[in-house]
Amino acid sequence: MPRGSKAKYTDKQKRQAGKIAEGYESRGASEKVAESRAWATVNAMSGGGKGSGSGRGKATNNAPAKKGGHLGGQASAARPAKERSASARKAAATRARRSK
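Throughout, residues of each chain are indexed from 1 in the direction in which the sequence is written. Residue-level local features of this predicted model are given only where pLDDT is at least 70; pairs of side-chain atoms are given and counted only at 80 or more, and the full residue set underlies all totals for whole chains, interfaces and linings. Side-chain metrics rest on all non-hydrogen atoms present in the structure, leaving aside hydrogens and water.

Draft legend 1. Spotlight on the overall build of the protein. Counting its regular elements, the protein contains five helices and zero strands. Written out in order from the N terminus, the α and β elements of the protein read α-α-α-α-α. The classification of residues rests on relative accessible area computed with a 1.4 Å probe and restricted to protein chains. Under 20% of the type maximum is buried, over 50% is exposed, and intermediate values are partly exposed. Relative to its 100 residues, the protein shows a buried fraction of 16%. Here the open area of atoms and residues is found with the Shrake-Rupley method and a 1.4 Å probe, where only the protein chains shown may cover a residue. Of the accessible surface of the protein, which amounts to about 7900 Å², a share of 51% is contributed by carbon and sulfur atoms. Strands are runs of DSSP state E lasting at least two residues, helices are runs of H or I lasting at least four, and both sets are numbered from the N terminus onward.

Draft legend 2. Region of the structure containing the pattern of salt bridges. The working definition used for a salt bridge is a side-chain nitrogen of Lys or Arg within 4 Å of a carboxyl oxygen of Asp or Glu. Per the counting criterion, the structure on display carries one salt bridge. The salt bridge partner of Glu-83 is Arg-79, with a shortest N-O separation of 3.1 Å. Overall, the relative accessible area of 41% leaves Glu-83 in the partly exposed class. A relative accessible area of 29% places Arg-79 in the partly exposed class.

Draft legend 3. How the structure looks around the packing of helix H1 (residues 11–26) against helix H2 (residues 31–46). Angles run from 0 to 180 degrees between N-to-C directions of axes, and those axes are lines fitted to C-alpha atoms, restricted for helices to the stretch in contact. Relative orientation of the contacting elements H1 and H2 amounts to 135°, with a least axis distance of 8 Å. Between H1 and H2, the crossing angle belongs to the class labelled oblique. Crossing of H1 against H2: the hand is right-handed. For the pair H1 and H2, contact is made by Gln-13, Lys-14, Gln-16, Ala-17, Ile-20, Ala-21, Tyr-24 and Glu-25 and by Glu-31, Ala-34, Glu-35, Arg-37, Ala-38, Trp-39, Thr-41, Val-42, Met-45 and Ser-46, respectively. The scheme is simple: roughly parallel for angles under 35 degrees, roughly antiparallel for over 145, roughly perpendicular for 65 to 115, oblique for anything else. With the far helix as reference, a near helix turned anticlockwise by less than a right angle produces a left-handed crossing, and one turned clockwise produces a right-handed crossing. By the convention used here, residues are in contact when the closest approach between their heavy atoms is within 4.5 Å.

Draft legend 4. Geometry of the packing of aromatic side chains. Classification of ring pairs rests on two measures: the distance between centres of Phe, Tyr or Trp rings, Trp counted by its six-membered ring, which must be within 6.5 Å, and the angle between planes, read as stacked under 30 degrees, edge-to-face over 60 and tilted in between. Under the defined criterion, the tally for this structure stands at one aromatic pair. Lying over the aromatic face of Trp-39, Lys-6 brings its terminal NZ or CZ to 4.7 Å of the ring centre. Criterion for a charge above a ring: Arg CZ or Lys NZ at most 6 Å from the ring centre, at most 35 degrees from the ring normal.

The following block contains the structure:
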């Protein structure tokens, strides 16, 4: 079987890779890079192709699918340092008050 062949992957894995690749493309990755990352994510989740034989029945690890893509910190970074500091002090006071 040639390297890069997807024959050993299930239909579900192929669908997952397609959806993941669409997500990467919508965030600006090229088609080739998106497909590469998508298959890497599917492999990390399922441990590779699960066409037939050994390896079936193993649990999938969904952590890689939930790992990236979050655009955190942009809104906070746009605020002045004084405002961020005041917000942090307020949050710390709230946590202290609720822990009692």
